[in-house]
Amino acid sequence: MPQTVLDQSVTLNNGVMMPIFGLGVWKTKSGKECTEAVLAALEAGYRHIDTAKIYANEEDVGKAIRESGIARKEIFITTKLWNADQGKDKTRKALESSLEKLGIDQVDLYLIHFPVTSKRLESWKELEKAYHDKLCRAIGVSNFMIPHLNELLKESAITPAVNQVEFHPFLNQVDLLNTCKKHKIQLEAYSPLAHGQKIDDPQIKEIAKKYYKTPAQILIRWAIEQNIVVIPKSTKKERIIENSKVFDFKISDQDMTKLNGLDENFRTCWDPSEVD
Ligand SMILES: NC(=O)c1ccc[n+]([C@@H]2O[C@H](COP(=O)([O-])OP(=O)(O)OC[C@H]3O[C@@H](n4cnc5c(N)ncnc54)[C@H](OP(=O)(O)O)[C@@H]3O)[C@@H](O)[C@H]2O)c1
C-alpha cells in the first residue's frame, strides 16, 4: 500500500502530467485566508491549486506559491476565463491579466469557466492560439455538458485536455464521464464534497467508519479510484491535511458500487444547461 503520494498524476491528452489531487480556492477570501490556505496545502504536500479570475484570489495564490519557496515547475496551477471576458477580443487580455496576477509566465491549465453560448467557440480559438504561444501548458473547459462537448469537438483543432464539472456520488454523471473518456478528455471533479453538504450523510458515514476514514476522505477517494482529478476546498489547516490523506487506502469494488448507487442528481452549484 503506498504511503501518502500527493504527487500521483494523470497524463493529459497532450502528454502533460496533472496531479490527480489539488486544492480548490473558490470562496477562499482574498488576502490572508487564501495565502494561508495555499501555504498550508503546499506544506502538506499538495502540488496543485485551482483558482479562477472570478474567485478574486489569483494574486494571493501567486504570493503563497512564491513564499513557499517550492519551485514553480513543481506546482500545477489552473485558472479560468470568466464569462464577461469571453470572445475574440477579450480572451487573450484576460489570460494575460491572470498570468500577471499570479506572477507567472505560463499557466499549467487554462479553462473556459462556462459554455457561454454566443462566445464559447471564438473563446476556444483564442485558447488554442494561447496554447500555441505557450501561455498555457494545457487548455480545457469547465461546466461543459455532452452537447457542448460535441459542438466543440466538431469545431476545434485541439481537443480540450480537461472538463471540470461538479461530480460526486450524489451527482454521478456517468454519461458525461464516458463521453470524456471516449474523447480522451480528463474529467476533473469540482465540489467533490458536495460543497460540504453531504459530509453528514449516513451512508457515507457508515462506509467511512469501516475504513477508519472521514466522510470527506471517502468522497475524495471515490473520485481518485476512478482516475478523476479532484480539488476539495478548505480554509482550515486540519481539514486541508485530512483531505490529503487519501492515498493510503483503497475502496473495495463492493463499496464503490454502493457509492455509485447514491446518485440523486443533487447539484450544489448551477445546472450548466441553464446558465448562459
Ligand atoms: N469550475 C467551476 O465552475 C467550479 C464550481 C465550483 C467549484 N469549483 C472548484 O472546485 C473546488 C471545490 O469545490 P467547492 O469549493 O465548491 O466545494 P467542496 O470542496 O466540495 O466543499 C467545500 C466545503 O466543504 C468544507 N470542507 C472541506 N473539507 C472538509 C472536511 N474534511 N470535513 C468537513 N467539511 C469540509 C469546506 O469548509 P471549510 O473551508 O470551512 O473547511 C467548504 O464549506 C472549488 O474551490 C473550486 O476551485 C469550480
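Use the structure listed above.
Since this is a predicted model, take the numbers as computed values, not measurements.

Reading the values: the criteria
Residues numbered from 1 in each chain as written. Predicted model: local features only at pLDDT ≥ 70, side-chain atom pairs only at ≥ 80, totals over all residues. Heavy atoms only, no water. Salt bridge = Lys/Arg side-chain N within 4 Å of Asp/Glu carboxyl O. Helix = DSSP H or I, 4+ residues; strand = E, 2+ residues; numbered from the N terminus. Buried < 20%, exposed > 50% of the residue type's maximum accessible area, 1.4 Å probe, protein only. Pairing = 2+ DSSP bridges. Contact = heavy atoms within 4.5 Å. Axes fitted to C-alpha atoms, helices over the stretch in contact; angles between N-to-C directions. Parallel < 35°, antiparallel > 145°, perpendicular 65-115°, else oblique. Left-handed = near helix turned anticlockwise from the far one by under 90°. Nonpolar A, V, L, I, M, F, W, Y, C, P; charged D, E, K, R; others polar. Polar contact = N/O pair within 3.5 Å; in protein donor to acceptor, adjacent residues only side chain to side chain. Patch = residues over 30% accessible without salt bridge, like charges linked within 9 Å, V, L, I, M, F, W, Y side chains within 5 Å. Areas by Shrake-Rupley, 256 points an atom, 1.4 Å probe, with all protein chains shown as cover. Lys, Arg positive; Asp, Glu negative; His and termini not counted. Charge placed at Lys NZ, Arg CZ, Asp CG, Glu CD. Phe/Tyr/Trp six-rings, centres within 6.5 Å; stacked < 30°, edge-to-face > 60°. Lys NZ or Arg CZ within 6 Å of the ring centre and 35° of its normal.

Draft legend 1. Structural context of the pattern of salt bridges. According to the stated counting rule, one finds 18 salt bridges in the structure shown. With a shortest N-O distance of 2.8 Å, D108 and R72 are connected by a salt bridge. Note that D108 is positioned in the loop between α3 (91-102) and β6 (109-112) and R72 in the loop between α2 (58-68) and β5 (76-81), a separation of 36 residues in sequence. What makes D108 buried here is its relative accessible area of 3%. For R72, a relative accessible area of 27% translates into the label partly exposed. A salt bridge links R92 to E96, with the nearest nitrogen and oxygen atoms 3.4 Å apart. Remark: E96 and R92 occur in helix α3; sequence separation between them is four residues, near one turn of the helix. Salt bridges sharing common partners tie together R72, D108 and R137.

Draft legend 2. The sheet that holds strand β8 (residues 162-166), seen in detail. Reading across the sheet, the eight strands line up as β3-β4-β5-β6-β7-β8-β9-β10 and stay open at both edges, with parallel pairing between neighbours. Bordering the open sheet on either side are β3 (23-24) and β10 (229-230), each of which pairs with just one other strand. Relative to the sheet, helix α4 (residues 120-132) contacts β5, β6 and β7 (139-142), its axis offset from that of β7 by approximately 150°.

Draft legend 3. Here's a closer look at the packing of α3 against α4. Following both chains from N to C, one finds α3 and α4 inclined at 50°, their axes separated by 9 Å at the closest point. The angle between α3 and α4 falls in the class oblique. Note on packing geometry: the crossing formed by α3 with α4 is right-handed. Mapping the contact onto sequence places T91, R92 and L95 in α3 and S123, E126, L127, K129 and A130 in α4. The residue inventory of the contact of α3 with α4, partitioned by class, reads three nonpolar, two polar and three charged.

Draft legend 4. Highlighting the side chain of T179. Here T179 shows up in helix α6 (residues 174-182). With relative accessibility at 15%, the residue T179 sits in the buried group. Engagement of the side chain of T179 in a polar contact is seen with the backbone oxygen of D175, the distance being 2.9 Å. Residues in contact with T179, not counting those within four places in the same chain, are I146 and L149.

Draft legend 5. Quick look at a positive patch on the surface. Together, K27, K29, K233, K236 and R239 make up a positively charged patch on the protein surface. Summarising the element assignment, K233 is placed in the loop between β10 and α9 (237-244).

Draft legend 6. Representation of the packing of aromatic side chains in the model. One pass over the full model with this rule turns up eight aromatic pairs. Plain terms: the ring middles of F21 and Y46 are 4.7 Å apart, the flat faces sit at 55° to each other, and that makes the pair tilted. Separated by 25 residues along the polypeptide, F21 in the loop between β2 (17-19) and β3 and Y46 in the loop between α1 (32-43) and β4 (48-50) bring together distant segments of the chain. By the burial criterion, F21 is buried, and Y46 matches it. A cation over an aromatic ring shows up here: K27 above the ring of W26, its NZ or CZ 4.5 Å from the ring centre. A cation over a ring is seen here: K198 above F170, with NZ or CZ 4.6 Å from the ring centre.

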